[in-house]
Amino acid sequence: SQLNNLNVSLNRNDGIELRNGSHDNILTGNTILGNTGEGVNAGQLNGNNQNNTFTRNNASQNRNNGFLLVTSDNNTFSDNTATMNGQSGFNLSESNNNRFVNTTANNNVQDGILIYNSNNETFTNTTASNNGWNGVNLSIVRDSLFTNTTASNNGLVGILVTDSRNITFNGGSVINNTNEGVLLS
């Protein structure tokens with residue numbers, strides 16, 4: 001299915017939900033604002049959503065996360081924005097082989113980008129700044145590459161890497177975070 005240039009706002013649950021193994025969907029140019037649940041929910045208990053493409057979507061001011069992926073693999077994200085969400089901008093859990101290019105995750109209450117128990121994620125040209133907690137928070141993440149990452153003015157740590165292996169950050173800037181710029185633990 002394709003969802004193009006829709007205004008999906010102020011709904012009493014998630015703005016857009018991909019459920020029960022939904023795959024090969026294309027979401028382009030959508031505005032997903034002020035929903036009571038997630039902005040875009042590709043997971044929760046409905047995981048195994050694969051091979052979806054997200055381009056130029058704005059998921060902001062949602063009560064929970066801007067974009068939530070749980071057990072969702074092989075998805076492609078290009079030019080997406082998640083700002084001022086009640087939890088994190090982008091939240092990935094148990095999701096593998098996802099690709100993100102030109103990602104903005106600013107001014108979220110918790111983390112800009114939170115990745116938990118996931119492998120082989122690739123982020124290119126990422127900005128995660130002015131978030132309440134961390135800019136980028138990786139926990140139990142393996143074999144992932146971040147190129148040109150900016151993590152500035154976050155409430156805790158710019159880039160937090162915990163219990164993770166084979167993580168590479170190439171280029172970017174980590175400036176003026178409240179605690180550590182980069183914390184490896």
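Residues numbered from 1 in each chain as written. Predicted model: local features only at pLDDT ≥ 70, side-chain atom pairs only at ≥ 80, totals over all residues. Heavy atoms only, no water.

**Considering unusual backbone geometry**
- Non-glycine residue Asn-74 carries a positive phi angle of around 60°.
- Its place among the elements puts Asn-74 in the loop between strand E10 (72-73) and strand E11 (76-81).
- For Met-84, which is not glycine, the phi torsion reads 55° and is therefore positive. (Helix = DSSP H or I, 4+ residues; strand = E, 2+ residues; numbered from the N terminus.)

**What to know about the pattern of salt bridges**
- Summed over the entire model, instances satisfying the criterion amount to one salt bridge.
- Arg-19 is paired through a salt bridge with Glu-17; the nearest N and O atoms lie 3.2 Å apart.
- Accessibility expressed as a relative area gives 47% for Arg-19, which makes it partly exposed. (Salt bridge = Lys/Arg side-chain N within 4 Å of Asp/Glu carboxyl O. Buried < 20%, exposed > 50% of the residue type's maximum accessible area, 1.4 Å probe, protein only.)

**Describing the nonpolar core**
- In this structure, Ile-16, Phe-54, Phe-67, Phe-77, Phe-90, Ile-115 and Leu-138 are the most contacted members of the largest nonpolar core, which totals 28 residues.
- Going through the elements one at a time, strand E5 (40-42), strand E9 (67-70), strand E12 (90-93), strand E14 (113-119), strand E16 (136-150) and strand E17 (159-162) are the ones with two or more residues in this core.
- Residue contributions to this core peak at four residues, all from E16. (Core = buried A, V, L, I, M, F, W, Y, C linked by side-chain atoms within 4.5 Å.)

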